[in-house]
Amino acid sequence: MITGELKSRIDSLWTDFWTGGITNPLTVIEQITFLMYSRMLDMMERRDEKRTRLSGKPFTPRFNPDEQSCRWETWRHYGAEDMLPHVRDHVFVHFRKLAARSTGTNSQFASFMKDAQLMIQKESLLVKAVNAVQELPLDQGDTKGDLYEYLLSKLTTAGINGQFRTPRHIIRLMVDLMQPYPTDRICDPACGTAGFLVEAYEYLLRQHSSDAGKHVEVVDGEEQVIYSGDLLVQQGHRQHVDTDMFHAYDFDATMLRIATMNLVMHGVAEPDVHYQDTLSQRFEEKYPHGSSGAFDLILANPPFKGSLDEQDVAADLRRVVTTKKTELLFIALILRMLKLGGRSATIVPDGVLFGSSKAHVQLRQHLIEDNQLEAVISLPSGVFKPYAGVSTAIIIFAKGGKTENVFFYDVESDGFTLDDKRTKIGDGRGDMPDVLAKYQQWCDGRGEFGDRTAKAFEVSADEIRAKSYDLSLNRYKESLAVETHHDAPHEIIDRLITLEMEILVEASALREML
């Protein structure tokens, strides 16, 4: 959680970019990311230099002797006229050289810098931005993660190819439902800003922390429990978390830069992030060990952009489902990427659940007969506003086995209004806690789920087969018929006549007064 003062700094910086002629939210975040990256490079360099002085152990420098002027603490003191050309012609060139060398901490992020460009054209704007970034608490792991989340919250427009941000509380629900473990390998094949992976990391800190590794701070008058990113060291998982737990793919270079910085800012040292269209045949060729049977958990909100070039789609995906629709192909892809027994929580448009085409039925049959479909959680149609009004659902499934029963939940409220404003209702939690509680009860074999009029209920695989593998919640949910009593028509008419006569009397009295 960030304080009001820090929010004000970010808001002020955002306004500076807007008035400085940079109005695209993605571009603003990307440019701020570059500046934060420059400062963090220098911070890490100074940390390693100090460690070398104390221990005598060498390290691979991020700045060669002729690149010392590219260090944040050097050039940030330049005057406005000297700063802009130096950053444009030297600092960003250093980013690209670092990408070419692919050395040092977080080399994946360095590789995304190969086409980095300074979009700031006004000297005064650069100085304001540099001064603002200097004031940000980038040396505080917990705060800098919240800081970056606040930056990302300013993305208020949908991108191309069906990209739009998944609301944070929906992400949190999906992660809580899946309960990631410190030994898992977790992937998002269409990562966007890496919100799912960041929340998975935060979940691990919350659930696998000792009391000695957390403390309470008072923020805005409220007590907040703060978790340390070093807690996982106590359990021997830090190396895995930093280098092999989180894997992300996307084919938007800007998103990848933002996603990687998002993970780094939250405390993951070297996330495995790649520029790749995961549906393409080239993905399997380029990453043979990551494209098949590689992951314990996949969390995703794939793009629903309609269709794509069928010839470029991996052949084995087309064998699972013959289609050009990305929402169906991504389910097949996720099944391929999971280990046997691996699980996924994925957001799909409602059409995946009830579409009648051969491809739709073929995919749902594959989920039921060859894998374990666990849950279908129907979301209100306004959850993704103002980006899109599409109706969606969360499906939870595991690779392998065979489905016996499926848990359904009808989410009526996610805690926010379903219009474009998305205003919080009450505590902003809506049905979210109940979804988690009921699903856990169902998984543990506790409780009764036979009442089809309730929000949560169970449907057998046999019944789903009998209905052509239709997974639409409304196909199985039952509604109670409530008898309504009305007055007799003649009684209603008599009351209307009486009311009209009273109005005429009052109108006549008013006329006499005039």
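The present account deals with the structure reproduced in this document. (Residues numbered from 1 in each chain as written. Predicted model: local features only at pLDDT ≥ 70, side-chain atom pairs only at ≥ 80, totals over all residues. Heavy atoms only, no water.)

1. Details of the overall build of the chain
In step 1: When its secondary structure is counted, the chain shows 19 helices and eleven strands.
In step 2: Considering only residue pairs separated by 6 or more positions, the chain has 74% of its internal contacts joining residues 24 or more positions apart.
In step 3: For the chain, the computed accessible surface area is about 24,100 Å², with 49% contributed by carbon and sulfur atoms. (Helix = DSSP H or I, 4+ residues; strand = E, 2+ residues; numbered from the N terminus. Contact = heavy atoms within 4.5 Å. Areas by Shrake-Rupley, 256 points an atom, 1.4 Å probe, with all protein chains shown as cover.)

2. Comments concerning unusual backbone geometry
In step 1: One non-glycine residue, Arg422, lies in positive phi territory at about 50°.
In step 2: Examined against the element boundaries, Arg422 turns out to sit in the loop between strand 10 (405-410) and helix 17 (432-443).
In step 3: One non-glycine residue with positive phi stands out, namely Ser468, at about 55°.
In step 4: Structurally, the position occupied by Ser468 is in the loop between helix 18 (461-466) and helix 19 (489-513).
In step 5: Taking the relative accessible area as the measure of exposure, Ser468 reaches 47% and is therefore partly exposed. (Buried < 20%, exposed > 50% of the residue type's maximum accessible area, 1.4 Å probe, protein only.)

3. Topic: the environment of Thr183
In step 1: Tracing the chain through its elements places Thr183 in the loop between helix 8 (168-178) and strand 1 (186-188).
In step 2: With a relative accessible area of 46%, Thr183 lands in the partly exposed category.
In step 3: Considered as a pair, Thr183 and His237 are 54 residues apart in the sequence and their alpha carbons are 7.1 Å apart.
In step 4: Discounting chain neighbours no more than four positions away, the residues touching Thr183 are His237, His240, Met245 and Asp296.

4. As for the packing of helix 1 (residues 4-19) against helix 6 (residues 123-135)
In step 1: Relative orientation of the contacting elements helix 1 and helix 6 amounts to 165°, with a least axis distance of 10 Å. With respect to helix 6, the axis of helix 1 lies roughly antiparallel. Note on packing geometry: the crossing formed by helix 1 with helix 6 is left-handed. Contacts between helix 1 and helix 6 involve Arg9, Leu13, Asp16 and Phe17 from the former and Leu125, Lys128, Ala129, Ala132 and Glu135 from the latter. (Axes fitted to C-alpha atoms, helices over the stretch in contact; angles between N-to-C directions. Parallel < 35°, antiparallel > 145°, perpendicular 65-115°, else oblique. Left-handed = near helix turned anticlockwise from the far one by under 90°.)

5. Regarding the environment of Leu84
In step 1: For Leu84, the location among the structural elements is in helix 4 (residues 80-101).
In step 2: When the C-alpha atoms of Leu84 and Ser124 are compared, they prove to be 9.1 Å apart, with 40 residues separating the residues in sequence.
In step 3: If near-sequence neighbours (up to four positions away) are discounted, Leu84 is found in contact with Leu118, Ile120, Gln121, Lys122, Glu123 and Leu126.

6. Section: the packing of aromatic side chains
In step 1: For the coordinates displayed, the defined rule picks out 14 aromatic pairs.
In step 2: When the ring of Tyr37 is compared with that of Phe95, the centres are 5.3 Å apart and the planes differ by 50°; the resulting orientation is tilted. Highlighted residues: Tyr37 in helix 2 (residues 25-55) and Phe95 in helix 4, separated in sequence by 58 residues.
In step 3: Exposure remark for Phe95: the relative accessible area of 2% places this residue in the buried category.
In step 4: Here Tyr439 and Trp442 contribute two aromatic rings whose centre-to-centre distance is 6.2 Å and whose plane-to-plane angle is 25°, an arrangement assigned as stacked. With Tyr439 and Trp442 both in helix 17 and three residues apart, this pair spans about one turn of that helix. We note that Tyr439, like Trp442, is buried.
In step 5: Among the aromatic residues, those joined into a ring-pair cluster are Phe407, Tyr409, Tyr439, Trp442 and Phe449. (Phe/Tyr/Trp six-rings, centres within 6.5 Å; stacked < 30°, edge-to-face > 60°.)

7. Section: the pairing of strand 10
In step 1: Buried residues dominate strand 10, accounting for five of its six residues.
In step 2: In the sheet, strand 8 (residues 372-378) pairs with strand 10 via four bridges, with the strands oriented parallel. Within strand 10, the position partnered with Val376 by the bridge is Phe408.
In step 3: As paired strands, strand 10 and strand 11 (residues 456-460) are joined by five bridges and run antiparallel to one another. When the sheet's bridge partners are listed, Phe408 is paired in strand 11 with Phe457. (Pairing = 2+ DSSP bridges.)

8. Things to note about the sheet that holds strand 6 (residues 295-300)
In step 1: Read from one edge of the open sheet, nine strands run 5-4-1-6-7-9-8-10-11, paired in mixed fashion. One side of each edge strand has no neighbouring strand; the edge strands of this open sheet are strand 5 (272-275) and strand 11. Across the sheet, the axes of successive neighbouring strands diverge by a mean angle of 15°, strand direction being ignored.
In step 2: Both strand 6 and strand 7 (residues 338-349) contribute to a ladder of five bridges, which runs parallel. In the sheet register, Leu297 faces strand 7, and the bridge partner there is Arg343.
In step 3: Contacts between helix 8 and the sheet are confined to strand 6, strand 7, strand 8 and strand 9 (392-398), with strand 7 contributing the most and set at about 155° to the helix.
In step 4: Strands strand 1, strand 4 (246-250), strand 6, strand 7 and strand 9 of the sheet are contacted by helix 14 (residues 326-337), whose axis makes an angle of about 160° with strand 7.

9. Here's the deal with the environment of Gln179
In step 1: Examined against the element boundaries, Gln179 turns out to sit in the loop between helix 8 and strand 1.
In step 2: Assessed through its relative accessible area of 43%, Gln179 is described here as partly exposed.
In step 3: Along the chain, Gln179 and Leu204 lie 25 residues apart, while their C-alpha atoms are 8.5 Å from each other.

10. Side note on the pairing of strand 7
One face of the sheet, then the other: side chains in a regular strand alternate in exactly this way.
In step 1: Bridge analysis of strand 7 against strand 9 gives seven bridges, and the strand direction is antiparallel. Bridged to Val348 within strand 9 is Ala393.

11. Focus: the pattern of salt bridges
In step 1: All told, the structure shown has 31 salt bridges when counted by the stated rule.
In step 2: Taking the shortest distance from any N to any O, the salt bridge between Glu374 and Arg343 comes out at 2.9 Å. With a gap of 31 residues between them, Glu374 in strand 8 and Arg343 in strand 7 connect regions that are remote in the sequence.
In step 3: For Arg343, a relative accessible area of 21% translates into the label partly exposed.
In step 4: When the shortest N-O distance is used, the salt bridge between Asp470 and Arg475 registers 3.0 Å.
In step 5: Residue Arg475 is classed as partly exposed on the basis of its relative accessible area of 40%.
In step 6: By sharing partners, the salt bridges in this structure join Glu45, Arg47, Asp48, Arg51 and Arg62 into a single network. (Salt bridge = Lys/Arg side-chain N within 4 Å of Asp/Glu carboxyl O.)

12. Observations concerning helix 8
In step 1: Among the eleven residues in helix 8, nine count as buried, and that is most of the element.
In step 2: Of the residues making up helix 8, those classed as buried are His169, Ile170, Ile171, Leu173, Met174, Val175, Asp176, Leu177 and Met178.
In step 3: Contact partners of the buried residues in helix 8: helix 9 (195-207), strand 6, strand 7, strand 8, strand 9 and helix 17.
In step 4: Positive backbone phi, at 50°, marks Gln179, one or two positions downstream of helix 8.

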